[in-house]
Amino acid sequence: MILSTVLFGRTYQFKSINEVMAKANEEKSGDVMAGIAAESAEERVAAKVVLANLTLEDLRNNPAIPYEQDEVTRIIQDSLNEKIYDSIKRWTVQELREKILDYNTSGNDIRRISRGLTSEMVAAVTKLMSNLDLITAGNKITVTAHCNTTIGLEGTLSARLQPNHPSDNEDGIVASILEGLAYGSGDAVVGLNPVDDTLESVKRMFHRLEEVKNKYAIPTQNSVLAHVTTQMQAIREGAPADLIFQSIAGSEKGNTAFGISGELIAEARELALREGTAAGPNVMYFETGQGAELSSNAHHGVDQLTLEARCYGFGKTYEPFLVNTVVGFIGPEYLYDSKQVIRAGLEDHFMGKLSGLPMGVDVCYTNHMKADQDDMEILSTLLAQAGVNFLITAPHGDDVMLNYQSLGYHEIQTLRELLQLKPIKEFEEWLRKMDVIDLSGRLTKQAGDASLFLV
Amino acid sequence: MVTDTQLKTLIEKIVLEMAGESKASEEHTPKLKQTDSTNHAVSEEVLPDISEILIKKELLVPNPADEEGYLDMKDKTPARLGVWRSGARYMTSSALRFKADHAAAQDAVFSYVSEDFVKENNLFPVATVCQDKDEYVTRPDLGRQFSDEEKEKIKAHCGNPKVQIVVGDGLSSASIEANLENTLPAIKQGLKLHGIDATNDLFIKHCRVPAMDVIGELTGADVVCLLVGERPGLVTAESMSAYIAYKPTVDMPEARRTVISNIHEGGTPPVEAGAHIAELIKKMIDKKASGLDLNKV
């Protein structure tokens, strides 16, 4: 294992794989704040050169956080397909990159290779990829999952409809749902972030979402994004839940800060399969985002990209229906500006897919970040090209509860028209029946009028 | 499309009709100015302020299936509903309004509370170690630290008060300028009713919430109350929060803070918030606790 290189006549000696991994990262303000980022552009490239020549075996043997110390490491290492790993362990990271991009490697081949990869390998190859590499490679990998409907099939682009309200007013929430349906959003999930995440409130929200879904016979799934334990109790008390949601982290300490463990998530999944309302078998919904571990002081000196990959390694054990990074929500101390958010969005999508996850993205930003709606339109177009399973949408892109901006309902329809993508089949048929889209997939004359659903 | 000639005829017709309706005498009849019909002259008219349009009342959908029902739905949420479309894209007016609201939010973050405002409100200005706004937004750890020199200034100015009021720009300078002049006097008046005097108020530039813990340690105050700008959303860029703690110390658990958020004209009105804050401070002094601990006692 060589941790040193010469570049432009200067010698760079790195102390550990973690240092190489951190310094090989594209610049992120979170890594700078953590004091682990490359100190110059040249050092960044030197680290990439060293990383390119490490073998997958080197990475397997040096997990970001030691096996004995961390549950996430254990889950990732123990779930590996040893036969596949043995057949690829001598590849260098640059060979893995080229293998993924090669014409002769199909999407299925990549899915197979993926079973022999740890999250550190997934992160490492991502650090050697340009933005267009990430789009090209991401586009090769198809990952589908089934809850009530099937998400992720080739040629589809789905949307989460996010009808949040600053005081959980139920009529206001339903209004935002109807508006979204009138533009063709909501085939991935109708997912509400409640303000009041107490048990009674969460139960009420589950019932209200189910009522809307049944009233209009919408072929989709519902989710109330409260803490997993609250959702579990709500289900035990009869609340109708298709999915169980939880935010997850890339270290055990990060998961502890979220109040979860592998055991708890496994228990939640068992409960959803036994007492949930969905057909399944994929009944979990996870959210992630670069920087979460640093913000809870659970990063162990590991860079935010590697920790993000470890979220996916952890999450895939529970066979989720939806996973999305909330890419720009965390703020400029982790992702400084639109350049960093665009990069992170493409990285996260690719890493999720390479980890075998049905990956979506909340293309978003806060108002203290140097980014705007134009940047989100760019990232969403790139992600749709990369074959992202789903994107998050809110009315006009403005989430009036979480006080950040995402994509609007209009964007999902625009991207579908532009790139000839379709909603999930059953949902598409429903949209036709409701006269929201025509046979060519374009909006009908009255689409966008939410009051259609009132008459 | 309407041609220039058609437009001119149309304007003349409207003007004539208006004149007829108001039964105005000859000299009051509005006359079409020569300049209105040419494209070269600059009119003295001013376009209305698009930020004053009430989003809840504005329905852009033409011929909705149920107009009354739609307006009812819009009344239940501040979300931007009924915005309509051109093709699959937004109408120009809603896109411009979104941009305006985002501009206000960004300006609220990246602008400063004016020095005059600080002076007029008798606030003693100090600053954390952040060099500029850029460092402030990227280094939350620095927005809670003071240089030794600033610490001495704070000690000398504040002395050893029972209640120390602190104002911080936080993530919205606009929220401080919009609300403080109503909230601060209301807090002081409320405290006075309990015989408590709060003087020597501080203003902290580049302030994060935990900066109040340093103030607590430096002054030994029983209660520190920080009024600070919240991260702005598009609905309002002027929302302020109050973080209040009994004898705060550096690195104390967050659960020891009591928070009143959403202080702005459209949320908790600033005067009402001030009165509420004064009562909370009194309660904390009596119970010697704050945050979750205050609910237990």
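In what follows, the structure referred to is the one given above.
Since the structure is predicted, the reported quantities are computational estimates derived from the model, not experimental observations. (Residues numbered from 1 in each chain as written. Chains lettered and ligands numbered in written order. Predicted model: local features only at pLDDT ≥ 70, side-chain atom pairs only at ≥ 80, totals over all residues. Heavy atoms only, no water.)

1. Comments concerning the packing of helix α17 (residues 304-315) of chain A against helix α18 (residues 338-354) of chain A
All names here are of chain A.
- Where α17 contacts α18, the axes come no closer than 9 Å and their chain directions differ by 35°. Helix-helix and strand crossings are classified by hand; for α17 and α18 the assignment is right-handed. Of the residues in α18, those touching α17 at Leu305, Glu308, Ala309 and Tyr312 are Glu347, Asp348, Met351 and Gly352.
- Considering only residue class, the contact of α17 with α18 consists of four nonpolar, one polar and three charged. (Axes fitted to C-alpha atoms, helices over the stretch in contact; angles between N-to-C directions. Helix = DSSP H or I, 4+ residues; strand = E, 2+ residues; numbered from the N terminus. Left-handed = near helix turned anticlockwise from the far one by under 90°. Contact = heavy atoms within 4.5 Å. Nonpolar A, V, L, I, M, F, W, Y, C, P; charged D, E, K, R; others polar.)

2. Quick notes on the sheet that holds strand β6 (residues 258-263) of chain B
All names here are of chain B.
- One open sheet accounts for six strands, arranged β1-β3-β2-β4-β5-β6; its pairing is mixed. The open sheet has two free edges, formed respectively by β1 (124-127) and β6, since each of these has just one partner strand. Neighbour-to-neighbour, the strand axes of the sheet open up by a mean angle of 20°, direction not taken into account.
- The sheet contact formed by strand β4 (residues 223-229) and strand β5 (residues 240-246) spans seven bridges and is antiparallel. Within the sheet, the bridge partner assigned to Leu226 lies in β5 and is Tyr243. (Pairing = 2+ DSSP bridges.)

3. Here we look at the pairing of strand β3 (residues 202-205) of chain B
All names here are of chain B.
- When β1 meets β3, the two strands line up parallel, connected through four bridges. Along β3, the bridge assignment pairs Ala127 with Lys205.
- Judged from the three bridges that link them, strand β2 (residues 163-168) and β3 form a sheet pairing that is parallel. Counted as the bridge partner of Val166 is Leu202 from β3.
- Tracing the backbone out of β2, into helix α7 (residues 173-193) and back to the parallel element β3 gives a crossover that is right-handed. (Right-handed = clockwise from strand over helix to strand, strands pointing away.)

4. Comments concerning the packing of aromatic side chains
All names here are of chain A.
- One pass over the full model with this rule turns up seven aromatic pairs over all chains.
- Ring centres of Phe329 and Tyr404 lie 4.9 Å apart, and the angle between their planes is 80°; on these two criteria the pair is classed as edge-to-face. In this pair, Phe329 is assigned in the loop between β10 (322-326) and α18 and Tyr404 in strand β14 (residues 404-405), connecting sequence segments 75 residues apart.
- By relative accessible area, Phe329 is classed as partly exposed at 29%.
- Taking 5.6 Å as the distance between ring centres and 35° as the angle between the ring planes, the aromatic pair formed by Phe427 and Trp430 counts as tilted. (Phe/Tyr/Trp six-rings, centres within 6.5 Å; stacked < 30°, edge-to-face > 60°. Buried < 20%, exposed > 50% of the residue type's maximum accessible area, 1.4 Å probe, protein only.)

5. Details of α17(A)
Residues and elements named next belong to chain A.
- End to end, α17 covers 16 Å across 12 residues, agreeing with the expected 16 Å (1.5 Å per residue, within 8%).
- Most of α17 is tucked away, with 12 of its 12 residues classed as buried.
- Among the residues of α17, those classed as buried are Gln304, Leu305, Thr306, Leu307, Glu308, Ala309, Arg310, Cys311, Tyr312, Gly313, Phe314 and Gly315. (Expected span 1.5 Å × (residues − 1).)

6. Some remarks on the interface of chain A and chain B
- Counting residues at the interface gives 53 residues for chain A, matched by 44 residues for chain B.
- Taken as a group, Asn367(A), His368(A) and His396(A) account for 20% of the area that chain A buries against chain B, more than any other trio of residues on that side.
- The tally of links from chain A across to chain B stands at six salt bridges.
- Residue Lys370(A) is joined to Asp134(B) by a salt bridge in which the shortest nitrogen-to-oxygen separation is 3.2 Å.
- For the side of chain A that touches chain B, the secondary-structure elements that each account for two or more residues are α11 (170-181), α19 (373-385), β14 and α20 (409-419) of chain A.
- Of all the elements, α11(A) adds the most residues to the side of chain A that touches chain B, at six residues.
- Among the residues making up the side of chain A that touches chain B, the classes are represented as 21 nonpolar, 20 polar and 12 charged. (Buried area = accessible area lost by both parts, 1.4 Å probe. Salt bridge = Lys/Arg side-chain N within 4 Å of Asp/Glu carboxyl O.)

7. Concerning the pattern of salt bridges
- With the rule as written, the count across this model stands at 46 salt bridges over all chains.
- Between Lys89(A) and Asp86(A) there is a salt bridge whose closest N-O contact spans 3.1 Å.
- A relative accessible area of 40% means that Asp86(A) is categorised as partly exposed.
- Taken together, the shared-partner salt bridges connect Glu170(A), Asp171(A), Arg204(A), Arg208(A), Glu211(A) and Lys76(B) into one network.

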